Every structure is written in C-alpha cells, then in structure tokens.
Amino acid sequence: MFLKLYDFHRREEAKADGAAASKMFPIETLKQMYNKYHQDDIKREKKVRRSSGTHSSSGSAVSGSSVNASSMSSSAFTGAMTEASRRSVGCWLALCSAWVFSMVVLGGVTRLTRSGLSMTEWRFAGERPPITLEDWRQEFAKYRASPEFKKVNMSMTLEEFKFIYWMEYAHRMWGRVLGLVFALPFAYYSATRQLSGPLSRRLLVLFALGGGQGLVGWWMVKSGLQEPERKTDTPRVSPYRLAAHLTSAFAIYSGLVWTTLQVLRPTGLGEDCVGEV
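Quick notes on the rules
- Residues numbered from 1 in each chain as written.
- Predicted model: local features only at pLDDT ≥ 70, side-chain atom pairs only at ≥ 80, totals over all residues.
- Heavy atoms only, no water.
- Helix = DSSP H or I, 4+ residues; strand = E, 2+ residues; numbered from the N terminus.
- Buried < 20%, exposed > 50% of the residue type's maximum accessible area, 1.4 Å probe, protein only.
- Contact = heavy atoms within 4.5 Å.
- Areas by Shrake-Rupley, 256 points an atom, 1.4 Å probe, with all protein chains shown as cover.
- Axes fitted to C-alpha atoms, helices over the stretch in contact; angles between N-to-C directions.
- Parallel < 35°, antiparallel > 145°, perpendicular 65-115°, else oblique.
- Left-handed = near helix turned anticlockwise from the far one by under 90°.
- Nonpolar A, V, L, I, M, F, W, Y, C, P; charged D, E, K, R; others polar.
- Salt bridge = Lys/Arg side-chain N within 4 Å of Asp/Glu carboxyl O.
- Phe/Tyr/Trp six-rings, centres within 6.5 Å; stacked < 30°, edge-to-face > 60°.

> Break down the overall build of the protein chain for me, citing the residues and quoting the values.
Along the protein chain, the regular secondary structure elements total nine helices and zero strands. Shown N-terminal to C-terminal, the secondary structure of the protein chain runs as helices and strands in the order α-α-α-α-α-α-α-α-α. For the protein chain, buried positions account for 29% of its 277 residues. Sequence-distant contacts in the protein chain: of pairs separated by 6 or more residues, those separated by 24 or more amount to 79%. For the protein chain, the exposed area adds up to about 18,500 Å²; of that, 65% sits on carbon and sulfur atoms.

This is the structure we're talking about:
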C-alpha cells in the first residue's frame, strides 16, 4: 500500500513539473527557437561555401593571369620574328649553349691536370702559341720562375711542360672562338633585323658576361702565380676566385639555355598544362 501511494505521488509531481515546464517553454516557442537556429546554421554553411568558391575562382584567375602574362612576355620577346628566323636563331643559341657547356668541361679537365698555371701571361686578343724550340724554351723559362714550378714541378721537363701548356692554351682559345661564334651571327641577325628588341638586349648582356668571363679567369689564375703567404703552402688559385669563375660560367650557360627555349618555344610549357586542366 505504501509503495502504491509513493508511486502515485511521483506521477503527480512529474505531471506538475511538466505543466510548469510547458508554461515556461511552450511547444510553439521551442519549435520557433529550433527553426531559427537551424536556419542560422544553413546560412553559415552557405556563406562558407560562397567564400571558398570565391577563393578558388580568384586562385584560378591569378593562375590564368600569370600564364597570360608569361605568354604575352614571350610573344613580345619573339613577336617580331618570323618562324624561319626563330628556328635559325634558336639553333644558333643552342650551339652556343653546348659550346659553353664544353667550356666548363674543358676547364674542369684543365684544373684536374694542374695545367691552369702553365701560362703566366694573359692578353685579351690572344697569345701566339710557341712554334720553334726557342719559343718553347722562353715559355718554359717563364713557368720555371713561377711558384708552382719551384715547389711542385721542380723535376718537370720541357716535353711535360708542353702538355700542360697546350691544355691551358686550348681552354683559352676555345673561349675566344666561342666569342666569335656568338658575335658574328649576332651582328648578322641584328643587321638583317631578325631579332626583337628584348632579345637583342638580353643577348648583349650575355655577350658582356662572356667577355668578362675571360677577365675573371685571368683574375683567378693570377692568384695562383703569387708566392704563398707561408713557405710550406702549395701554390694554388684562390678557391673564392675559382668559385666566382665557375658560378659566372653556370650563369651564362643557364641564361643561354633559357633564352634558347624561349625562342624555340615562345608559348612555353605552363600554358599547355593550364590548357589541359
């Protein structure tokens, strides 16, 4: 009996609490609150989607504008050139690029054979190679006065000297011939108006860098012809000057290769990739 009364009392209390809650928060009010929050969530979701779509379209616009700008710059670079001129100039620049690469390789071989200090003088127009025995003796006498001979190659003979001399001479003359291979066609293409203005200016800069490369090379060699600060040191070129010489060679090579690709393919690869996407 007691349990029944207790259960009845609990049910009555629950009804009273429900009635009070319904008075404080009517069902219609709760529905309105739910709908409001639900609509706010939907608005926020749409706003996020709209924002992400704007960023995506702006990214595509930036990408497209960059490609268009690149295409326009390439067109301006070779716009005044005919197809035949572009092909001819491109092949010439490709030859010069390969020539510069061979110069770097030949310079490395000259360095590895320790031939770089065999010629103790440098002339911008070039040195006449020794022909007679007396000429060779004079050149060998100059080398014998250098620190490298006194501390490293004391026992070197004239025949051994000829090998390292020819290595350094070939390296220098290969660079001078490259200057002619670049300058003469450039003068021809400029005279016949087959080069655009931007291309001509860039080629002039590359030619100036190539001419300066000879001066940098002699500046490097000169450091190895000086007496070391300590008597126990081995005569060698300055590593900093050697690094400058090699870095400038890489810069010229990169500039030539890039210019060659721009001339032969002015549209570039970037525009093709964007077109496929």
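Now, onward.
> If you had to explain the side chain of H171 to someone new, which residues and values would you point to?
Residue position: H171 is located in helix 6 (residues 158-191). Every residue in contact with H171, bar those within four places of it in the chain, is listed here: M103, L106, G107 and T110.

> How would you sum up the packing of helix 3 (residues 83-112) against helix 8 (residues 239-264)? Please name residues and give values.
Interaxial distance between helix 3 and helix 8 falls to 8 Å at its minimum, and their mutual angle equals 160 degrees. Here helix 3 is positioned roughly antiparallel relative to helix 8, judged by the angle of their axes. By crossing handedness, the relation of helix 3 to helix 8 is classed as left-handed. Residue composition of the contact of helix 3 with helix 8, grouped by class: 18 nonpolar, four polar and three charged.

> So, unusual backbone geometry: which residues are in play, and what are the values?
Trans is the prevailing form of peptide bonds, just as negative phi is the prevailing case for residues other than glycine. Despite not being glycine, R114 shows a phi value in the positive range, around 55 degrees. Here R114 lies in the loop between helix 3 and helix 4 (133-144). By relative accessible area, which is 38% here, R114 ends up partly exposed. One non-glycine residue, R193, lies in the positive phi region at around 55 degrees. Position of R193 relative to the elements: it lies in the loop between helix 6 and helix 7 (197-224).

> Could you give me a rundown of the pattern of salt bridges, with the residues and numbers involved?
Pairing between side chains becomes possible if they bear opposite charge and their charged atoms approach one another. Following the criterion strictly, the structure yields nine salt bridges and no others. Salt-bridge contacts for E168 lead to R172; the nearest nitrogen and oxygen are separated by 2.9 Å. Here R172 and E168 lie together in helix 6, a separation of four residues that amounts to about one turn. You'll find E168 and R172 in the same group, each marked buried. Residues joined in a network through salt bridges with shared partners are E121, R123, E139 and K142.

> Break down the packing of aromatic side chains for me, citing the residues and quoting the values.
Taken as a whole and assessed by the stated rule, the structure comprises 18 aromatic pairs. Taking 6.3 Å as the distance between ring centres and 80 degrees as the angle between the ring planes, the aromatic pair formed by Y165 and W166 counts as edge-to-face. For the ring pair F182 and F207, a centre distance of 5.8 Å and an interplane angle of 10 degrees mean the geometry is stacked. Placement of F182 in helix 6 and of F207 in helix 7 is noted, with a sequence separation of 25 residues between them. For F182, a relative accessible area of 7% translates into the label buried. Residue F207 is classed as partly exposed on the basis of its relative accessible area, which comes to 39%. Ring pairing ties together the aromatic residues W136, F140, Y143, F149, F161, Y165, W166 and Y169, which thus form one cluster.

> Which residues make up the packing of helix 7 against helix 8, and what are the values?
Helix packing for two helices is described by the angle between their axes and how far apart those axes are. The geometry of helix 7 relative to helix 8 is characterised by a closest axis approach of 9 Å and an angle of 160 degrees between their N-to-C directions. Between helix 7 and helix 8, the crossing angle belongs to the class labelled roughly antiparallel. Two packed elements cross with a definite hand, and for helix 7 against helix 8 that hand is left-handed. Of the residues assigned to the contact of helix 7 with helix 8, the class counts are 14 nonpolar, nine polar and two charged.

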